[in-house]
Amino acid sequence: MSLWELFILAVGLSMDAFSVAVCKGLSVAQVKKKHILTAGIYFGLFQALMPAVGYLLGTGFQAQIQAVDHWIAFILLSVIGINMIRESRGEAESLDDSFTFKAMIPLAVATSIDALAVGVTFAFLKVQIVPAVSFIGVVTFVISCAGVVIGNRFGAKYKSKAELAGGIVLVCMGIKILVEHLFFG
(Lines give C-alpha, C1' and ligand atoms only; values in the text may rest on other atoms or scores of the structure.)
Protein backbone atom coordinates (compact mmCIF):
# COMPACT_ATOMS: atom_id res chain seq x y z
CA MET A 1 0.00 0.00 0.00
CA SER A 2 1.47 3.31 -1.08
CA LEU A 3 1.68 6.36 1.16
CA TRP A 4 -0.97 8.09 -0.95
CA GLU A 5 -3.35 5.12 -0.58
CA LEU A 6 -2.70 5.04 3.16
CA PHE A 7 -3.41 8.76 3.37
CA ILE A 8 -6.71 8.37 1.52
CA LEU A 9 -7.64 5.44 3.77
CA ALA A 10 -6.68 7.44 6.90
CA VAL A 11 -8.82 10.36 5.80
CA GLY A 12 -11.73 8.01 5.05
CA LEU A 13 -11.42 6.34 8.44
CA SER A 14 -11.19 9.67 10.25
CA MET A 15 -14.50 10.97 8.88
CA ASP A 16 -16.53 9.39 11.69
CA ALA A 17 -14.23 11.04 14.22
CA PHE A 18 -14.44 14.31 12.27
CA SER A 19 -18.24 14.16 12.37
CA VAL A 20 -18.29 13.60 16.12
CA ALA A 21 -15.63 16.31 16.60
CA VAL A 22 -17.86 18.72 14.65
CA CYS A 23 -20.70 17.85 17.03
CA LYS A 24 -18.42 18.37 20.03
CA GLY A 25 -17.46 21.77 18.61
CA LEU A 26 -21.15 22.60 18.19
CA SER A 27 -21.84 21.64 21.79
CA VAL A 28 -19.60 24.24 23.43
CA ALA A 29 -20.27 27.96 23.43
CA GLN A 30 -16.60 28.83 23.14
CA VAL A 31 -14.08 26.26 22.02
CA LYS A 32 -10.84 26.14 24.01
CA LYS A 33 -7.47 24.63 23.20
CA LYS A 34 -8.16 21.81 25.70
CA HIS A 35 -11.35 20.88 23.80
CA ILE A 36 -9.45 20.69 20.53
CA LEU A 37 -6.56 18.66 21.95
CA THR A 38 -8.83 16.34 23.94
CA ALA A 39 -10.85 15.38 20.86
CA GLY A 40 -7.71 15.00 18.74
CA ILE A 41 -5.93 12.82 21.29
CA TYR A 42 -8.87 10.51 22.01
CA PHE A 43 -9.87 10.03 18.39
CA GLY A 44 -6.31 9.84 17.05
CA LEU A 45 -5.21 7.35 19.70
CA PHE A 46 -8.15 5.01 19.18
CA GLN A 47 -7.92 5.26 15.38
CA ALA A 48 -4.32 4.08 15.75
CA LEU A 49 -4.95 1.37 18.35
CA MET A 50 -7.92 -0.32 16.69
CA PRO A 51 -6.24 -1.22 13.37
CA ALA A 52 -3.28 -2.55 15.37
CA VAL A 53 -5.65 -4.86 17.26
CA GLY A 54 -7.34 -5.84 14.00
CA TYR A 55 -3.96 -6.55 12.45
CA LEU A 56 -3.04 -8.88 15.32
CA LEU A 57 -6.35 -10.69 14.94
CA GLY A 58 -5.91 -10.92 11.18
CA THR A 59 -2.38 -12.31 11.34
CA GLY A 60 -3.61 -15.00 13.72
CA PHE A 61 -6.08 -16.28 11.12
CA GLN A 62 -4.20 -15.35 7.95
CA ALA A 63 -3.10 -18.85 6.97
CA GLN A 64 -6.63 -20.24 7.28
CA ILE A 65 -8.30 -17.61 5.11
CA GLN A 66 -5.59 -16.46 2.69
CA ALA A 67 -7.50 -17.78 -0.34
CA VAL A 68 -10.42 -15.42 0.35
CA ASP A 69 -8.65 -12.51 2.05
CA HIS A 70 -9.35 -10.11 -0.82
CA TRP A 71 -13.07 -10.85 -0.55
CA ILE A 72 -12.96 -10.28 3.21
CA ALA A 73 -11.19 -6.93 2.74
CA PHE A 74 -13.69 -5.93 0.04
CA ILE A 75 -16.71 -6.92 2.14
CA LEU A 76 -15.47 -5.31 5.37
CA LEU A 77 -14.52 -2.01 3.74
CA SER A 78 -17.72 -1.93 1.68
CA VAL A 79 -19.99 -2.66 4.64
CA ILE A 80 -18.27 -0.01 6.76
CA GLY A 81 -18.41 2.49 3.90
CA ILE A 82 -22.07 1.80 3.13
CA ASN A 83 -22.96 2.20 6.82
CA MET A 84 -21.15 5.55 6.89
CA ILE A 85 -23.01 6.66 3.75
CA ARG A 86 -26.33 5.60 5.32
CA GLU A 87 -25.50 7.40 8.59
CA SER A 88 -24.71 10.55 6.63
CA ARG A 89 -28.32 10.64 5.52
CA GLY A 90 -29.77 10.07 9.02
CA GLU A 91 -30.92 12.52 11.62
CA ALA A 92 -28.49 14.52 13.69
CA GLU A 93 -27.15 13.09 16.92
CA SER A 94 -27.78 14.79 20.25
CA LEU A 95 -25.03 17.11 21.42
CA ASP A 96 -23.11 16.57 24.66
CA ASP A 97 -20.73 19.33 25.72
CA SER A 98 -18.64 17.10 28.01
CA PHE A 99 -15.02 16.35 27.12
CA THR A 100 -14.44 14.08 30.14
CA PHE A 101 -12.97 10.59 30.01
CA LYS A 102 -16.45 9.13 30.58
CA ALA A 103 -17.87 11.09 27.63
CA MET A 104 -14.96 10.68 25.21
CA ILE A 105 -14.11 6.96 25.58
CA PRO A 106 -17.41 5.66 24.12
CA LEU A 107 -17.15 8.16 21.27
CA ALA A 108 -13.55 7.21 20.54
CA VAL A 109 -14.38 3.49 20.55
CA ALA A 110 -17.51 3.95 18.44
CA THR A 111 -15.72 6.03 15.81
CA SER A 112 -12.83 3.57 15.56
CA ILE A 113 -14.65 0.24 15.25
CA ASP A 114 -14.32 0.47 11.48
CA ALA A 115 -10.55 0.87 11.92
CA LEU A 116 -10.50 -2.52 13.69
CA ALA A 117 -11.87 -4.15 10.55
CA VAL A 118 -9.40 -2.24 8.39
CA GLY A 119 -6.61 -3.58 10.60
CA VAL A 120 -7.73 -7.12 9.74
CA THR A 121 -7.39 -6.26 6.05
CA PHE A 122 -3.92 -4.83 6.73
CA ALA A 123 -2.82 -8.29 7.86
CA PHE A 124 -3.90 -9.76 4.53
CA LEU A 125 -2.29 -6.95 2.53
CA LYS A 126 1.04 -7.31 4.39
CA VAL A 127 1.03 -3.65 5.44
CA GLN A 128 3.84 -2.46 7.73
CA ILE A 129 1.57 -1.95 10.72
CA VAL A 130 3.53 0.43 12.99
CA PRO A 131 4.04 3.18 10.39
CA ALA A 132 0.50 2.63 9.05
CA VAL A 133 -1.29 2.97 12.39
CA SER A 134 0.94 5.87 13.43
CA PHE A 135 0.05 7.68 10.21
CA ILE A 136 -3.68 6.96 10.66
CA GLY A 137 -3.51 8.23 14.25
CA VAL A 138 -1.77 11.47 13.27
CA VAL A 139 -4.16 12.13 10.36
CA THR A 140 -7.14 11.49 12.63
CA PHE A 141 -5.69 13.72 15.34
CA VAL A 142 -5.33 16.63 12.90
CA ILE A 143 -8.74 16.09 11.30
CA SER A 144 -10.46 15.76 14.69
CA CYS A 145 -8.84 18.94 15.98
CA ALA A 146 -10.04 20.71 12.84
CA GLY A 147 -13.51 19.19 13.32
CA VAL A 148 -13.94 20.76 16.76
CA VAL A 149 -12.99 24.17 15.40
CA ILE A 150 -15.14 23.81 12.27
CA GLY A 151 -18.10 22.60 14.33
CA ASN A 152 -17.83 25.55 16.66
CA ARG A 153 -17.52 28.07 13.83
CA PHE A 154 -19.68 26.71 11.04
CA GLY A 155 -22.21 24.39 12.67
CA ALA A 156 -23.51 21.03 11.48
CA LYS A 157 -23.26 21.95 7.81
CA TYR A 158 -20.27 19.64 7.12
CA LYS A 159 -21.05 16.65 9.37
CA SER A 160 -23.13 14.58 6.96
CA LYS A 161 -20.92 15.50 4.00
CA ALA A 162 -17.86 14.24 5.89
CA GLU A 163 -19.52 10.92 6.69
CA LEU A 164 -20.67 10.55 3.09
CA ALA A 165 -17.18 11.25 1.75
CA GLY A 166 -15.58 8.85 4.23
CA GLY A 167 -18.02 6.10 3.29
CA ILE A 168 -17.38 6.56 -0.42
CA VAL A 169 -13.61 6.42 0.15
CA LEU A 170 -13.86 3.14 2.08
CA VAL A 171 -16.11 1.50 -0.53
CA CYS A 172 -13.70 2.60 -3.29
CA MET A 173 -10.72 1.16 -1.36
CA GLY A 174 -12.57 -2.16 -1.02
CA ILE A 175 -13.33 -2.24 -4.75
CA LYS A 176 -9.70 -1.38 -5.56
CA ILE A 177 -8.41 -4.27 -3.44
CA LEU A 178 -10.80 -6.70 -5.10
CA VAL A 179 -10.04 -5.50 -8.63
CA GLU A 180 -6.29 -5.61 -8.03
CA HIS A 181 -6.51 -9.19 -6.77
CA LEU A 182 -8.89 -10.47 -9.43
CA PHE A 183 -7.26 -8.81 -12.44
CA PHE A 184 -3.67 -8.05 -11.46
CA GLY A 185 -2.89 -10.43 -8.60
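Since this is a predicted model, take the numbers as computed values, not measurements.

Draft legend 1. The arrangement of helix α1 (residues 3-27) in detail. Taking 1.5 Å per residue, 25 residues should reach 36 Å; α1 reaches 35 Å between its end C-alpha atoms and fits that length. Along its length, α1 reaches its greatest deviation from straightness, about 40 degrees, at M15.

Draft legend 2. Examining helix α4 (residues 101-125) more closely. Between its first and last C-alpha, α4 extends 34 Å over 25 residues, near the 36 Å set by a 1.5 Å rise per residue. At S112, α4 shows its maximal bend, which comes to roughly 40 degrees. At the exit of α4 stands K126, carrying a positive phi of roughly 60 degrees.

Draft legend 3. Examining a nonpolar patch on the surface more closely. Taken together, the side chains of V68, W71, I75, V79, I175, V179, L182, F183 and F184 define a hydrophobic patch exposed on the protein surface, amounting to about 890 Å² of accessible area. Of all the secondary structure elements, the ones that give two or more residues to the nonpolar patch are α3 (69-88) and α6 (159-184). Take the nonpolar patch: its biggest share by element is five residues, from α6. Of note, W71 is situated in helix α3. Relative accessible area serves as the criterion here: at 38%, W71 is assigned to the partly exposed category.

Calculation rules
- Residues numbered from 1 in each chain as written.
- Predicted model: local features only at pLDDT ≥ 70, side-chain atom pairs only at ≥ 80, totals over all residues.
- Heavy atoms only, no water.
- Helix = DSSP H or I, 4+ residues; strand = E, 2+ residues; numbered from the N terminus.
- Expected span 1.5 Å × (residues − 1).
- Bend = angle between axes of the 7 residues up to and from the residue.
- Patch = residues over 30% accessible without salt bridge, like charges linked within 9 Å, V, L, I, M, F, W, Y side chains within 5 Å.
- Areas by Shrake-Rupley, 256 points an atom, 1.4 Å probe, with all protein chains shown as cover.
- Salt bridge = Lys/Arg side-chain N within 4 Å of Asp/Glu carboxyl O.
- Buried < 20%, exposed > 50% of the residue type's maximum accessible area, 1.4 Å probe, protein only.

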